[in-house]
Amino acid sequence: MEDGPPPEGLFSPLIEHAIELSAQWHDGTYRKGVWRDPAFEVPEGEEIQIPVIAHLAAVASIVRRAGWGEAAVAAAYLHDAIEDMNQHGQRLRRKQLRDAVGADVARLVVQVSEQKLDDDGQMRPWRARKEDYLAGIRTGRPDAAAISLADKIHNLWSITQSLQAGEDIFSALSGDAEAQRWFHAAVLEASTPHDDPRLPPMRERLQTELDRYEAALRPAA
């Protein structure tokens, strides 16, 4: 019988802190689609939404299952913390994140974060944001590419689930069907300069999700 992981490897205070911080920051914020019926009775007049933390946990799970270490998993839980405002309209500053979880995790989060605002505080064009993001994935660290791939795997899976459930998901997204196809395929391409052996299975899964997405679009074509 093979030895299991050492007891000290079963719990990571760093990942626990990342989970807690992520849950606090994204509290009261929700995903843009719902594709499952609730498993419980919903009070009349209430609407079921998917908390953002569910997405972050899914992305971190993909990163962990692909074999990446605790810094990458912690950054996966926090990968939207700089990009997204909290429910109070605040933005998390890089120094705040670095002070909370350390420079290594903070650097990874920065590498997988879009620069959404220009110097005047105005929202930058969607395509420009994505092009800069892709450039950062190509030239950044392999573990940042892994977080990006995991994020896009789950995002595209979620979009496809919404399409199959008959939701008008594109009305809630910034990019239309073709823009989403382009961006997810571009992330796949942007990850190819990195040759870490943990990345090919993640690329294969994103390609699978691209194929599922294409198939889900065909009936509406």
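Summary of the structure given here. Residue numbers restart at each chain and count upward from 1, following the sequence in its written direction. Where local features are concerned, this predicted model is filtered to residues with pLDDT of at least 70; where side-chain atom pairs are given and counted, the filter is 80 or more; whole-chain, interface and lining totals use all residues. Only hydrogens and water are set aside when side-chain values are computed; all heavy atoms of the structure are taken into account.

### Observations concerning the environment of V59
1) Next: Only runs of H or I of at least four residues qualify as helices and only runs of E of at least two qualify as strands under DSSP, and these elements are numbered from the N terminus. On the secondary structure map, V59 appears in helix α2 (residues 52-65).
2) Next: Expressed as a C-alpha distance, the spacing of V59 and A75, which sit 16 residues apart in the sequence, is 10.0 Å.
3) Next: We call two residues in contact whenever any of their non-hydrogen atoms come within 4.5 Å of each other. Not counting residues within four places of it along the chain, the set of residues in contact with V59 comprises A76, H79, I147, A150, D151 and H154.

### Brief notes about the pattern of salt bridges
1) Next: Salt bridge criterion: a side-chain nitrogen from Lys or Arg within 4 Å of a carboxyl oxygen from Asp or Glu. By the definition in use, this model includes 16 salt bridges.
2) Next: A salt bridge links K152 to D151, with the nearest nitrogen and oxygen atoms 2.8 Å apart.
3) Next: Whether a residue is buried, partly exposed or exposed follows from its accessible area with a 1.4 Å probe, protein chains only, as a fraction of its type maximum: under 20%, in between, or over 50%, in that order. With relative accessibility at 7%, the residue K152 sits in the buried group.
4) Next: Bridged by salt links that share partners, the residues E83, D84 and K116 form one connected network.

### What to know about helix α9 (residues 199-217)
1) Next: For α9, which comprises 19 residues, the first-to-last C-alpha distance of 27 Å matches the rise-based estimate of 27 Å (1.5 Å per residue) to within 8%.
2) Next: L199, M202, R203, L206, E209, L210, Y213, A216 and L217 are the residues of α9 that are buried. Seen from one end, α9 has its buried residues packed into an arc of 135°, which puts them on one side.
3) Next: Looking at the buried side of α9, the elements it contacts are α2, α7 (142-164) and α8 (177-190). Here, expected helix span is obtained from the residue count minus one, scaled by 1.5 Å. Throughout, the arc means the angular range of directions from the helix axis out to the C-beta atoms.

### A closer look at helix α5 (residues 103-111)
1) Next: For α5, the full list of buried residues reads V105, A106, L108 and V109. Down the axis of α5, the smallest arc covering the buried residues is 160°, so these residues share one side.
2) Next: Check the buried side of α5 and you find it contacts α1 (13-25), α3 (70-77), α4 (94-101) and α7.

### Considering the side chain of S191
1) Next: Its location among the elements puts S191 in the loop between α8 and α9.
2) Next: In this view, S191 contacts I137, A145, L149 and R203; residues no more than four positions away in its chain are not counted.

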